[in-house]
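# Summary of the model geometry
Given next are the chains, with one letter for each unit.
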Protein chains: 2
Amino acid sequence: MKLADDEVKRATLAAMASSKKFQGPRGTRDFYPADMAVRRYIESVWRTTSINHGFDEVEGPTFEHLELYTHKSGPGIVSELFSFKRAGGETEYALRPEFTPTLARMVAARAAELPKPIKWFAIPGHYRAERPQRGRLREFFQWNVDVVGGDRTPDADKEVIATAVSALEKLGLGPAEVKVRIGDREVVTSLLSSVGCADEFHTEALSLLDKKDKIPQDQFQHAAQTLHLDYPLLIEHANAVQRMASQCLGTRTDPAPAMHFRQNEVHLPMEWIDSLARALTDSNVHDWCVFDFSIARGLAYYTGTVFEVIADGERAVAGGGRYDKLIESFGGPSMPACGFGMGDVVLGLLLHDKGLLPDEVYLAPLRPHVFVISNGAEQPEAELPRLIAQLRKAGCHVRHTYRATRNVGKLLGEADKLRSRTAIILGDELMEGRVVLKDLEGGEQREVALDDLERALREVLDAQENAGV
Amino acid sequence: MKLADDEVKRATLAAMASSKKFQGPRGTRDFYPADMAVRRYIESVWRTTSINHGFDEVEGPTFEHLELYTHKSGPGIVSELFSFKRAGGETEYALRPEFTPTLARMVAARAAELPKPIKWFAIPGHYRAERPQRGRLREFFQWNVDVVGGDRTPDADKEVIATAVSALEKLGLGPAEVKVRIGDREVVTSLLSSVGCADEFHTEALSLLDKKDKIPQDQFQHAAQTLHLDYPLLIEHANAVQRMASQCLGTRTDPAPAMHFRQNEVHLPMEWIDSLARALTDSNVHDWCVFDFSIARGLAYYTGTVFEVIADGERAVAGGGRYDKLIESFGGPSMPACGFGMGDVVLGLLLHDKGLLPDEVYLAPLRPHVFVISNGAEQPEAELPRLIAQLRKAGCHVRHTYRATRNVGKLLGEADKLRSRTAIILGDELMEGRVVLKDLEGGEQREVALDDLERALREVLDAQENAGV
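Residues numbered from 1 in each chain as written. Chains lettered and ligands numbered in written order. Predicted model: local features only at pLDDT ≥ 70, side-chain atom pairs only at ≥ 80, totals over all residues. Heavy atoms only, no water.

### Concerning the interface of chain A and chain B
To be explicit about the condition: Residue contacts are defined here by distance: any two heavy atoms, one from each residue, within 4.5 Å place the two residues in contact. A 1.4 Å probe defines the accessible area here, and the buried area is the portion of it lost by two parts on being joined, summed over both. Salt bridges are counted wherever a side-chain nitrogen of Lys or Arg sits within 4 Å of a carboxyl oxygen of Asp or Glu. Definition of a polar contact: a pair of N or O atoms within 3.5 Å, with one able to donate and the other able to accept a hydrogen when the atoms are protein atoms, and with sequence-neighbouring residues admitted only if both atoms are side-chain atoms.
In this complex, chain A contributes 97 residues to the contact, which on the side of chain B involves 97 residues. Both faces combined, the contact of chain A with chain B buries some 8800 Å², and carbon together with sulfur accounts for 57% of it. Put simply, chain A and chain B have 14 salt bridges between them. Glu67(A) is the salt-bridge partner of Lys20(B), the closest N and O atoms lying 2.7 Å from each other. At the junction of chain A with chain B, the criterion picks out 48 residue pairs in polar contact (both at pLDDT 80 or more).

Now the structure itself:
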């Protein structure tokens, strides 16, 4: 848009005088305080779990060169992206639809100097120009956890799966309601060959398998026929592999019968699957895991293990897998890699539906330490702002009333409503240098010298913390 | 971009086979672990300070309808924005260049039901399509703090200024190096009238004053002449107001001589300025504040108090002010409002230059609680993954080696390098159900029964915390 200076000036003055109500863009969210508290609670579980499992946080730009995304996915992806140029610029950018290309770019840029294995997590915003629907928005936040480099062993796959499980457990979910369904790209492609689907059709066949539950059955059957994919036979074979793999889960010492599986001379990486099952068992997350070799996953770059975290048998909470060729394709050295992404939208709905988001859970870190009250007399009124400033400087979350009332009972009610942990009342005792400190958990109150107030307050707060309040 | 299916397929296959190195977009940053730790440290000081001062966190979409930004600023702003449409869509969007329009939209949408005053903070990403330079990037993070609604008193201005100062103090800065320069739009416009600049030139004159130090002097003088702006006289008047206003800072009981200022019959809001000075004094931040009535601030929507936080006399760390008409112009009721924004780029450079970002400050929350070591014997090797999983489940940040060595001395070196607080060594004692727990701060080590390990570890960590490590 290029306007003459005068035109700009007139339009600007007109704009400043007008009043208009706006809505946020479709498929995005306004986070009011309660919404934001929930988002920060989920993020904090994600972050703490990542750190406890030895991952370091990283982040990249919110927009990247468009070519970073078309490089691996081809030009077909452009319609799913928000892409743009700078006014007067030629470079094409796109809002980040997933984090993995940024991660691959960042790893490739410093592959030599980074200590291996590279264990990174990120919690950035992601953007998709799709039609918004329940569980799918145009802006969402996604937890990404990746292990890159080091030895190529199933331990890395186990680490990312255990990290996902650990966060879900912390959020209140259990293995009865959430399952990690683990498959393997190598197994699926071997089985595809075994049922008559030629190599050149594998990419399309994987994409078709991933879409199976999202398209009409006759459409699926027609497509399968075109690709010479005998689906019932594929599932029969997949189930056979699965039965054997599942025997390794939860056992630590039995030999793996699956290792000797050679159905129709098909090559299957049973040693890998057996080791993965044992590692999951050693890390005590086997109750959450099942093998399912009909899983394909949509993204083209997966090479080995693929997995989906499914709640109540149908809601996809997270997905991931191994992508051993990707770093190389972004100009880095050949490095094994695996990871997953878990979005905030489906997870948030799930936690909400299961009653796992009561106020006291997500508001706990936001409770005021102290609510300061003046009884309205001259000295307390003068002391009020100084005391508030002093306690905030000491690191306390301090609240006070904005109402005109100086009725101490009413103000204690306001403190309670804000779930304040304590209250300090500035009243007549102030003339002798003392104030009233009230424990709003225990209900006890006592007079404290103003000089000793910080220490006394800290004591009450520590006692509450030790009591687990 | 619309391609035939076959063409997409061919391009996709070609893309998958190729290898290419990419760079991030100009003016954006890749946050590797150390960069991210610094960013999270600054954000955590911003967040904790906001919460302690009684603000609630909010956030809006990363992109908004383009019209939200042109509504108040006119179409001239479009060239400074990254704007775009969805492929096949008509709606124009823009990446958020500042948070205030989103805040005004969100307040207007729920003005009736939100408790007043509305005290909100946000720490979102912001985007500007300008030429990147030192201290100015195309993507940056900005802390926004706002008080909206409630009584129109200087207490709100004081609250946001005190919150900014409190965070800077927590980050290690002091009033000798950082000053809050406080001006007032009403004072500047009154003074503009008093020196001969007519009302219709005020908007342009304010914008010119804001640019003064950024444009050549002769260009400034020429523009001032065109607007009938006698700059030397303006500064003389501004200094007279400033001298009187400054007398109120740091005093609590003296009468305000400034209240009787009526130079050239100019209307000046001296009662407001006097109250603001007293409120800043009561909150003990007056040492950080100076009045400077030559400050104009660039944004058109400011109505009263304006302020800039300046480090070392020249680096603008934050800026803000009062915008009493903005909520109304976004379709809300008439509500007083004031706030500020503080970006992460200039602040980060400043802290770095002053040596206020040593590793131990920003890495402190990321120190491992424990580094678990096996001596390589069969039983310790089997126990290692179970113990790691158990301690992580108990909420500990646990690390272990990925190297092949089982030399306990070398591995203790690795634990030290990671700044781990403790180490657990699984060795021959494991046969009797015991392990070695080593305090890596104090250096003491002792044998602990495996059943009692979690409790003993917690004891060592608590003792370290109480010792302030």
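### Looking at the nonpolar core
What counts here: Buried Ala, Val, Leu, Ile, Met, Phe, Trp, Tyr and Cys residues that are joined via side-chain atoms within 4.5 Å together make up what is termed a nonpolar core. Only protein chains enter the calculation, and the probe is 1.4 Å; a residue is then buried if its accessible area is under 20% of its type maximum, exposed if over 50%, and partly exposed in between. Helix and strand definitions follow DSSP, with helices as H or I runs of at least four residues and strands as E runs of at least two, each counted in order from the N terminus.
Ranked by size, the top nonpolar core spans 74 residues in total, and within it Trp143(A), Leu168(A), Ile182(A), Leu192(A), Phe340(A), Met342(A) and Leu347(A) carry the most contacts. Among the elements that take part in this core, helix H5 (residues 154–170) of chain A stands out by supplying eight residues, more than any other. With residues up to four places along the chain from it excluded, the contact list for Phe340(A) reads Trp143(A), Asn144(A), Val145(A), Asp146(A), Val160(A), Ala164(A), Phe307(A), Ala318(A), Gly319(A) and Gly320(A). Core analysis: the second largest hydrophobic core is formed by 73 residues, Trp143(B), Val160(B), Phe220(B) and Val266(B) among them.

### Re the packing of aromatic side chains
Rule in force here: When the centres of two rings from Phe, Tyr and Trp lie within 6.5 Å, Trp using its six-membered ring, the rings pair. Their planes under 30 degrees apart give stacked, over 60 give edge-to-face, and anything left gives tilted. Note on geometry: a ring has a charge over it if NZ (lysine) or CZ (arginine) is within 6 Å of the ring centre and within 35 degrees of the ring normal.
The final tally for this structure, using the stated rule, is 35 aromatic pairs over all chains. Between Phe63(A) and Tyr93(A), the ring centres sit 5.2 Å apart and the planes meet at 75°, which makes this aromatic pair edge-to-face. Note that Phe63(A) is positioned in strand E2 (residues 63–65) and Tyr93(A) in strand E4 (residues 93–95), a separation of 30 residues in sequence. Judged by relative accessible area, Phe63(A) falls into the buried class, the value being 0%. The class of Tyr93(A) is buried, set by a relative accessible area of 4%. Over the ring of Tyr32(B) we find Arg110(A), and its NZ or CZ is 3.7 Å from the ring centre.

### Some points on the domain arrangement of chain A
So the rule is basically this: Here the limits of each domain have been adopted from an automatic or database domain assignment.
Per the domain assignment, the segments of chain A are domain 1 (33–360) and domain 2 (368–466). Relative to domain 2 of chain A, the C-alpha centre of domain 1 of chain A lies at a distance of 51 Å.

### Here we look at the environment of Asp428(B)
All names here are of chain B. Its place among the elements puts Asp428 in the loop between strand E15 (422–426) and strand E16 (434–439). A residue is classified by how much of its surface remains accessible, and Asp428, at 51% relative accessible area, is exposed. Taking the C-alpha atoms as reference points, Asp428 and Gly376, 52 residues apart in sequence, are found 9.9 Å from one another. A polar atom in the side chain of Asp428 sits 3.4 Å from the side chain of Asn375.

### Observations regarding the relation of the copies chain A and chain B
Here is the rule we go by: Superposition of the copies used a least-squares fit over C-alpha atoms from residues whose pLDDT is at least 70 in both.
In screw terms, the move from chain A to chain B is a rotation of 180° and a rise of 0.0 Å along the axis, fitting with an RMSD of 0.0 Å. The relationship between the two copies is best expressed as a two-fold rotation axis. In terms of C-alpha distance to the rotation axis, chain A has Phe84(A) as its closest residue, with the C-alpha 2.7 Å off the axis. Of all interface residues in chain A, 100% are interface residues in chain B too; the two copies therefore contact each other through one and the same surface.

### Things to note about helix H9 (residues 231–246) of chain A
Residues and elements named next belong to chain A. Which entries qualify depends on this criterion: Here the expected span of a helix is defined as 1.5 Å times the quantity of residues minus one. Each direction from the helix axis to a C-beta atom contributes to the arc, which is the arc of those directions.
In a regular helix each residue adds 1.5 Å, so 16 residues correspond to 22 Å; H9 covers 22 Å between its end C-alpha atoms and thus fits that length. Taken as a whole, H9 has its buried residues at Leu234, His237, Ala238, Ala240, Val241, Met244 and Ala245. Looking down the long axis of H9, one finds its buried residues gathered within 155° of arc, a one-sided arrangement. Seen from the open side of H9, the exposed residues pointing more than 90 degrees away from its buried face are Pro232 and Arg243. Each element contacted by the buried residues of H9 is listed here: helix H6 (185–194), helix H7 (202–211), helix H10 (270–282) and strand E9 (289–291).

### Digging into the pattern of salt bridges
All names here are of chain B. Tallied over the entire structure, the rule returns 66 salt bridges over all chains. One salt bridge connects Glu43 with Arg39, and the closest N-O pair in it is separated by 3.1 Å. A residue pair is termed a helical-turn pair when its members lie 3 or 4 positions apart in one helix, as Glu43 and Arg39 do in helix H2 (residues 33–52) at four residues. When the shortest N-O distance is used, the salt bridge between Glu414 and Arg403 registers 3.3 Å. Of this pair, Glu414 sits in helix H15 (residues 408–417) while Arg403 sits in the loop between strand E14 (398–400) and H15, and the two are eleven residues apart along the sequence. We classify Glu414 as buried; its relative accessible area is 19%. Judged by its relative accessible area of 43%, Arg403 is partly exposed.

### Observations regarding the sheet that holds strand E4 (residues 93–95) of chain B
Residue and element names in this part refer to chain B. Keep this limit in mind: Two strands qualify as a pair provided DSSP detects at least 2 bridges between them. Lines are fitted to the C-alpha atoms to define the axes, a helix being fitted only along its stretch in contact, and any angle between axes, read from their N-to-C directions, falls within 0 to 180 degrees.
The three strands lie next to each other as E2-E4-E3, forming an open sheet whose pairing is antiparallel. Looking along the sheet, the strands with just one partner apiece sit at the ends: strand E2 (63–65) and strand E3 (83–84). In terms of strand pairing, E2 meets E4 through three bridges, oriented antiparallel. Looking at E4, one finds that Glu64 is bridged to Ala94. Helix H3 (residues 66–73) rests against E2, E3 and E4 of the sheet, and its axis sits at about 65° to E2.

### Looking at the sheet that holds strand E15 (residues 422–426) of chain A
Residues and elements named next belong to chain A. Across the sheet, five strands lie side by side as E14-E13-E15-E16-E17; this open sheet has mixed pairing. One side of each edge strand has no neighbouring strand; the edge strands of this open sheet are strand E14 (398–400) and strand E17 (445–449). Neighbouring strand axes in the sheet, compared pairwise and without regard to direction, differ in orientation by 30° on average. Relative to E17, strand E16 (residues 434–439) runs antiparallel, the two sharing five bridges. In the strand pairing of E17, Leu437 is matched with Arg446. In the packing of helix H14 (residues 378–393) onto the sheet, contacts are made with strand E13 (370–374), E14 and E15, and the angle to E13 comes to roughly 165°. Helix H15 (residues 408–417) contacts E13, E14, E15 and E16 of the sheet and is inclined by roughly 165° relative to E13.

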